[in-house]
Amino acid sequence: MTKDLNNLIRIIPDFPKPGIIFKDITPLIADGQAFSYCCNEIAKFTKDIDYVAGIEARGFIFASAVSVLTGKGFIPIRKSGKLPGQTISKSYELEYGNATLEMHSGLIPNGKKVLVVDDVLATGGTAVGAAQLLLQAELVPTAFAFLLEIPQLGARSRIANALPGLQIHTILAE
Ligand code: AMP
C-alpha cells in the first residue's frame, strides 16, 4: 500500500471525555482501497484459526469483513444485554469503572481456535476481557489483530501477564 494509512486516522482530542485522544477510523474505512487492504492484512493472520471474533462495535467492521474474505465463521462479542439467546459474560476493568462483554453460549464447538479483532488496542482491558470470555466458552483465543495500537498505555504487558503466549498483530505502524 503506497499511501500512508496513518493519514487516514483522524485524531479527535477530548472525545468522548476530556483527556482522551480519540483515534477515529472512519476516514480509513471510507477509503475503499485502504479498508480492503487492512482487512486483507488481518486475513493473513487467520491461517491456523477456525473463527473470527469481533468486539462490539468497531471490531465488527473489520472482523466480519475478514470472515467473508476467509470463509471462517464470525463470533460477535457484544456489550451486555444485546444478545437474545443464552449468554456467558465477563466483566473487566476499564480506565474508569467496569464493563461487561457477552457472547452466546453453546453455538461453537469446544476447542475451536479464534482470532480476536478490534480497531484500537488502548489499555488492553477489553482485549483481555474478550479472550477470557472465549476461554470461558471453552474456545481457544490464539491471537489478536488490531488496526492500530496506542503503545504508551502498556497493553502488551497487560496481555502478556493475563494471557501468556497470545500473539498481538497490528496493521498500522505508530
Ligand atoms: P482498551 O480496553 O483500553 O484497550 O480500549 C479498547 C476499546 O476502546 C476498543 O474497543 C476501542 O475501540 C476503544 N478505544 C479506547 N481508547 C480509544 C481511543 N483513544 N481511540 C479510539 N478508540 C478507543
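Right above here is the structure, for reference.
No experiment lies behind these values; they were computed from the predicted model shown. (Residues numbered from 1 in each chain as written. Predicted model: local features only at pLDDT ≥ 70, side-chain atom pairs only at ≥ 80, totals over all residues. Heavy atoms only, no water.)

### Quick look at the site of the ligand
Thinking step 1. Taken together, 13 residues form the shell around the ligand, and within it Arg58, Asp118, Asp119, Thr123 and Thr126 come nearest.
Thinking step 2. Within the backbone of lysine 23, an N or O atom sits 2.9 Å from a nitrogen atom of the ligand.
Thinking step 3. Side-chain polar atom of threonine 126 to an oxygen atom of the ligand: 2.5 Å apart, as the coordinates give it.
Thinking step 4. For the ligand, the protein covers 83% of the area, taking 480 Å² as the surface of the free molecule.
Thinking step 5. Mapped onto the shell around the ligand, the elements with two or more residues apiece are β2 (21-24), β7 (113-121) and α4 (125-136).
Thinking step 6. Considered class by class, the residues forming the shell around the ligand number five nonpolar, four polar and four charged. (Near = heavy atom within 4 Å. Polar contact = N/O pair within 3.5 Å; in protein donor to acceptor, adjacent residues only side chain to side chain. Areas by Shrake-Rupley, 256 points an atom, 1.4 Å probe, with all protein chains shown as cover. Helix = DSSP H or I, 4+ residues; strand = E, 2+ residues; numbered from the N terminus. Nonpolar A, V, L, I, M, F, W, Y, C, P; charged D, E, K, R; others polar.)

### Digging into the pattern of salt bridges
If charged atoms from side chains of opposite charge come close, those side chains can pair.
Thinking step 1. Evaluated as defined, the whole model comprises five salt bridges.
Thinking step 2. Here aspartate 24 ties to arginine 10 by a salt bridge, and the two come within 2.7 Å at their closest N and O atoms. Of this pair, aspartate 24 sits in strand β2 while arginine 10 sits in strand β1 (residues 10-13), placing them 14 residues apart in sequence.
Thinking step 3. For glutamate 56, the salt bridge identified is with arginine 78, shortest N-O distance 3.0 Å. Highlighted residues: glutamate 56 in the loop between β3 (51-55) and α3 (58-70) and arginine 78 in strand β4 (residues 73-79), separated in sequence by 22 residues.
Thinking step 4. Accessibility expressed as a relative area gives 14% for glutamate 56, which makes it buried. (Salt bridge = Lys/Arg side-chain N within 4 Å of Asp/Glu carboxyl O. Buried < 20%, exposed > 50% of the residue type's maximum accessible area, 1.4 Å probe, protein only.)

### A word on the nonpolar core
Thinking step 1. Grouped together as the largest cluster of nonpolar side chains are 29 residues, with contacts concentrated most on Ile75, Met103, Leu134, Leu139 and Phe144.
Thinking step 2. Elements with a minimum of two residues in this core: β3, β4, β5 (87-93), β6 (98-104), β7, α4, β8 (140-149) and α5 (155-162).
Thinking step 3. Setting aside chain neighbours within four positions, we find methionine 103 in contact with Ile75, Pro76, Leu83, Gln86, Thr87, Ile88, Leu133, Leu134, Ala137 and Leu139.
Thinking step 4. Of all hydrophobic cores here, the second largest spans 25 residues; its members include Leu5, Ile49, Val117 and Ala143. (Core = buried A, V, L, I, M, F, W, Y, C linked by side-chain atoms within 4.5 Å. Contact = heavy atoms within 4.5 Å.)

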